[in-house]
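Notes for the structure review
Spelled out from the first residue to the last, the chains are:
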Amino acid sequence: MQADVDLDVDLEPEAGAFRMKGTYTLVNRHDVPLARFALSGGDAWTDVRWTLDGKDVTPEDRAGLYVFTPSAPLAPGASLKVGFQYQGRVPDGVSRVGGALREFILPSGVVLTSEEPTFAPVVGYQEERGVDRKENRYEPRVYPDDFYEGPTETAWGSGLPFPFRIRLSGPEAYTLNSVGVRESDTVKDGRRTTVWRSDHPVSFFNIIAGKWTRVEGENTTVFHHPAHGFNVKEMSRGLEAARRYYSEWFHPFPWKELKLSEFAGLDNYAQGFPTNITFSESIGFLTRTTPESNAVLLVTAHEAAHQWWGNLLIPGKGPGGNVLSEGMSHYSALKLIEQLDGPEARAQNAKRMEERYGKDRRVDGEQPLVKLDGSREGDTVVLYEKGGWTFWMLEELMGRPAMHAGLHAFLQRYMNNEDHPVLQDFLAVMRPFAPDAAAFDAFTRQAFFEVVVPEYRVTDATVTKEGAQWVTAATVTNVGTGRMPVDVAVVKGERTATDFHEARVRVDPVAGVAARVTVRSDFAPERLVVDPDVRVLQLRREQALAPLTVP
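Attention in this report is confined to the structure presented alongside it. Remember, it's a predicted structure, so these values are computed and weren't measured experimentally.

Focus: the overall build of the chain
Of regular secondary structure, the chain possesses nine helices and 28 strands. A globule of 551 residues ought to have a C-alpha radius of gyration of about 24 Å, and the chain, at 26 Å, matches this closely. Based on the C-alpha atoms only, the size of the chain along its principal axes is roughly 95 × 55 × 45 Å. Buried positions account for 54% of the 551 residues belonging to the chain.

Written as structure tokens, this is what we have:
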């Protein structure tokens with residue numbers, strides 16, 4: 001396990017090449033001596049040289065898996081320093097099949113990460129290396145129901161965070177970014193040298209470089225192509241709000257800086273490395289915001305949330321683990337949107353998430369959240385959209401103060417912990433904070449351990465006049481699955497208008513059972529709406545309403 005990382009990387013964007021020299025300090029955190037250990041290397045590395053505690057060594061090369069055998073087994077708690085030096089190209093030639101590039105060194109910019117051994121060794125053996133989803137992926141690993149009991153290994157990165165330093169060198173025209181704080185930035189003979197050092201330990205790292213304009217905020221910076229400034233103001237607003245509110249809601253942000261950098265749209269993704277978020281130009285910088293969905297703020301808020309969910313807290317390896325990263329980040333984004341732009345903005349974004357879930361889920365193959373492992377078609381939309389919605393509904397059930405107190409306790413328990421949590425661990429920490437334990441158990445059993453989604457229908461809606469009041473009666477049926485308390489409202493006008501009126505009741509329709517609903521109002525209602533505030537995940541929301549005719 002890494003205890004310290006020190007790297008020197010020279011970048012040559014015009015040649016698509018790099019040179020690496022660095023050291024990892026590794027610690028044996030097992031209870032028994034370690035006779036051997038392995039580092040995964042890159043396929044395109046050349047002139048590779050290794051050292052152990054400063055002495056040249058030749059590890060066994062098993063097709064890029066470098067296996068080291070120290071002169072004496074490494075005792076529990078003992079450490080050694082692995083040195084490495086090599087060069088490479090990214091990409092190494094032209095692909096026969098084409099497609100996206102997640103990492104690259106090109107004249108347009110540089111994107112390199114520690115997720116794969118593209119430019120830096122990865123500690124241990126990579127299970128997914130050489131596996132192609134279409135060609136040679138077989139049945140996924142089957143985990144026992146109690147797999148999470150006892151220490152659970154990390155889903156990614158280092159088991160515990162480590163100090164990090166990197167010296168980057170490249171052509172003067174490029175800004176060279178990595179994680180942490182910039183200690184120095186100098187230019188000599190047309191070469192720029194920038195040194196970054198972590199001001200708080202990190203669990204993984206990246207490099208991104210480009211010819212950018214920068215926009216400074218309060219301890220935030222957005223680096224972008226000079227012609228791509230359309231959404232930068234909104235990104236800056238999201239970053240600054242995330243630092244403030246996520247620190248209040250979850251845990252204080254431990255690093256000094258938070259920056260976001262643009263890269264060429266050779267792939268369509270964003271990633272939230274510690275202090276150093278990266279956005280493809282096509283996922284944020286050139287995205288159009290509409291009244292129905294502020295995609296720029298949603299993606300910015302989601303990636304900023306990974307500073308907490310995925311960096312400060314790294315989930316456990318196994319089913320349900322990644323929901324604590326991606327699902328929690330989507331939940332956080334919904335909260336931030338509501339904080340900044342109000343309930344209606346949150347509701348509109350939640351509807352878009354709900355629509356994607358309803359469209360892309362695979363009904364015959366969907367797994368409960370605690371069983372979700374990413375191996376099935378349709379898992380991604382469950383991970384993000386349903387995961388984010390489920391945490392939102394959990395907050396609705398528990399109440400905001402109790403939810404925040406539970407999240408603080410959860411992070412406090414599992415940050416810097418060699419036991420990495422999955423959903424069962426999360427729920428065990430949250431339950432004592434629930435004001436109603438029975439309601440907590442009923443909701444979490446359905447939402448996390450089963451696959452249930454309500455789907456409401458309104459039939460036989462009538463309106464009668466009784467004195468000064470209008471009485472609306474209708475039948476509400478949950479033709480889907482599960483049982484969730486939900487509001488039913490009669491409304492007049494548009495929610496954003498000054499002359500908007502509504503009256504509501506709460507019902508708890510059991511799946512397959514029709515419930516007769518009566519709503520009294522002192523205005524003539526125009527329509528009946530199930531879940532008017534968009535607080536219950538459901539299918540075919542557009543059918544959960546009915547126009548009304550008054551006498």
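Here we look at the pattern of salt bridges
Oppositely charged side chains can form a pair if their charged atoms are brought close together. The final tally for this structure, using the stated rule, is 39 salt bridges. Residue Asp267 is joined to Arg102 by a salt bridge in which the shortest nitrogen-to-oxygen separation is 3.9 Å. Here Arg102 lies in the loop between β8 (79–89) and β9 (104–106) and Asp267 lies in the loop between β19 (258–263) and β20 (270–273), a separation of 165 residues in the sequence. Accessibility expressed as a relative area gives 40% for Arg102, which makes it partly exposed. Among the salt bridges present, the one from Glu366 reaches Lys386, with a minimum N-O distance of 3.0 Å. Pair noted here: Glu366 is in the loop between α5 (343–360) and α6 (379–398) and Lys386 is in helix α6, with a separation of 20 residues, a long-range link. Taking the relative accessible area as the measure of exposure, Lys386 reaches 4% and is therefore buried. Via salt bridges that share partners, Asp6, Asp8, Asp10, Glu12, Arg19, Arg165, Arg167 and Arg191 belong to a single interconnected network.

Considerations on the sheet that holds strand β12 (residues 164–171)
Strand order in the open sheet formed by eight strands is β5-β4-β8-β2-β1-β12-β15-β14, and the pairing between neighbours is mixed. Edge positions in the sheet fall to β5 (55–57) and β14 (181–188), since each of these pairs with one other strand and no more. The mean angle between the axes of side-by-side strands here comes to 15°, regardless of whether they run parallel or antiparallel.

Quick look at the sheet that holds strand β16 (residues 206–210)
The strand order across the open sheet formed by four strands is β9-β10-β16-β13, and the pairing between neighbours is antiparallel. Two strands bound the open sheet, and with one partner strand each, they are β9 and β13 (175–178). Neighbour-to-neighbour, the strand axes of the sheet open up by a mean angle of 15°, direction not taken into account. As paired strands, β13 and β16 are joined by four bridges and run antiparallel to one another. When the bridges of β16 are listed, Asn177 appears paired with Ile208.

Quick look at unusual backbone geometry
Cis geometry marks the peptide bond from Val90 to Pro91; its omega dihedral reads 0°. Here Pro91 shows up in the loop between β8 and β9. In the Ramachandran plot, Asn416 falls in the positive-phi region, its phi being about 55° despite a non-glycine side chain. Mapped onto the elements, Asn416 comes out in the loop between α7 (400–414) and α8 (423–430). According to the relative accessible area criterion, Asn416 is exposed, its value standing at 56%. Positive phi is not limited to glycine here, since Asp460 has a value of about 55°.

A short note on the packing of helix α4 (residues 326–341) against α6
At a minimum axis distance of 7 Å, the contact between α4 and α6 shows a crossing angle of 60°. The pairing of α4 with α6 is recorded here as oblique in orientation. As α4 packs across α6, the resulting crossing turns out to be right-handed. In contact with Glu326, Gly327, Met328, His330, Tyr331, Leu334, Lys335 and Glu338 of α4, α6 contributes Leu383, Tyr384, Glu385, Gly387, Gly388, Phe391, Trp392 and Glu395. When grouped by side-chain class, the residues that make up the contact of α4 with α6 number seven nonpolar, four polar and five charged.

Section: the packing of aromatic side chains
In the structure shown here, the tally under the stated rule is 32 aromatic pairs. Measuring from centroid to centroid gives 6.0 Å for Tyr246 and Trp249, while their planes differ by 50°, and the two rings are tilted. With a gap of three residues between them, Tyr246 and Trp249 both fall in helix α1 (residues 232–249), about one helical turn apart. Residue Tyr246 shares its accessibility class with Trp249, and that shared class is buried.

So, the environment of Val513
Looking at where Val513 falls in the secondary structure, it is placed in the loop between β25 (501–507) and β26 (514–521). In this structure the C-alpha to C-alpha distance between Val513 and Phe230, which are 283 residues apart in sequence, comes to 50 Å. The residues contacting Val513, other than those within four sequence positions of it, are Val476, Thr477 and Asn478.

Some thoughts on helix α3 (residues 295–305)
Among the eleven residues of α3, ten are classified as buried, and the element is accordingly described as predominantly covered. Three or more residues of α3 are buried, namely Val296, Leu297, Leu298, Val299, Thr300, Ala301, His302, Glu303, Ala304 and Ala305.

Remarks on the side chain of Thr154
Relative to the elements of secondary structure, Thr154 occurs in the loop between β11 (122–123) and β12. The exposure class of Thr154 is buried, given its relative accessible area of 14%. Beyond its immediate stretch of four places on either side in the chain, Thr154 contacts Gly159, Ile314, Pro315, Lys317 and His420.

A few points about the nonpolar core
Note on soluble globular proteins: their nonpolar side chains tend to be buried together. Formed by 136 residues in total, the largest nonpolar core has its most connected members in Leu7, Val9, Phe18, Phe119, Phe205, Tyr246 and Trp309. The element best represented in this core is α6, accounting for nine residues.

Quick look at the pairing of strand β24 (residues 486–492)
Counting buried positions along β24 yields six of seven residues, so the element is predominantly enclosed. Where β24 lies against β25, seven bridges are found, and the strand directions are antiparallel. Considered in β25, the bridge of Ala489 is made with Arg504. Pairing of β24 with strand β27 (residues 527–530) involves four bridges; the strand directions are antiparallel. Counterpart to Val488 in the pairing with β27 is Val530.

Reading guide: rules and limits
Residues numbered from 1 in each chain as written. Predicted model: local features only at pLDDT ≥ 70, side-chain atom pairs only at ≥ 80, totals over all residues. Heavy atoms only, no water. Helix = DSSP H or I, 4+ residues; strand = E, 2+ residues; numbered from the N terminus. Rg over C-alpha atoms; globule rule 2.2 N^0.38 Å. Buried < 20%, exposed > 50% of the residue type's maximum accessible area, 1.4 Å probe, protein only. Salt bridge = Lys/Arg side-chain N within 4 Å of Asp/Glu carboxyl O. Pairing = 2+ DSSP bridges. Axes fitted to C-alpha atoms, helices over the stretch in contact; angles between N-to-C directions. Parallel < 35°, antiparallel > 145°, perpendicular 65-115°, else oblique. Left-handed = near helix turned anticlockwise from the far one by under 90°. Contact = heavy atoms within 4.5 Å. Nonpolar A, V, L, I, M, F, W, Y, C, P; charged D, E, K, R; others polar. Phe/Tyr/Trp six-rings, centres within 6.5 Å; stacked < 30°, edge-to-face > 60°. Core = buried A, V, L, I, M, F, W, Y, C linked by side-chain atoms within 4.5 Å.

Read these as geometric descriptors, not functional statements.
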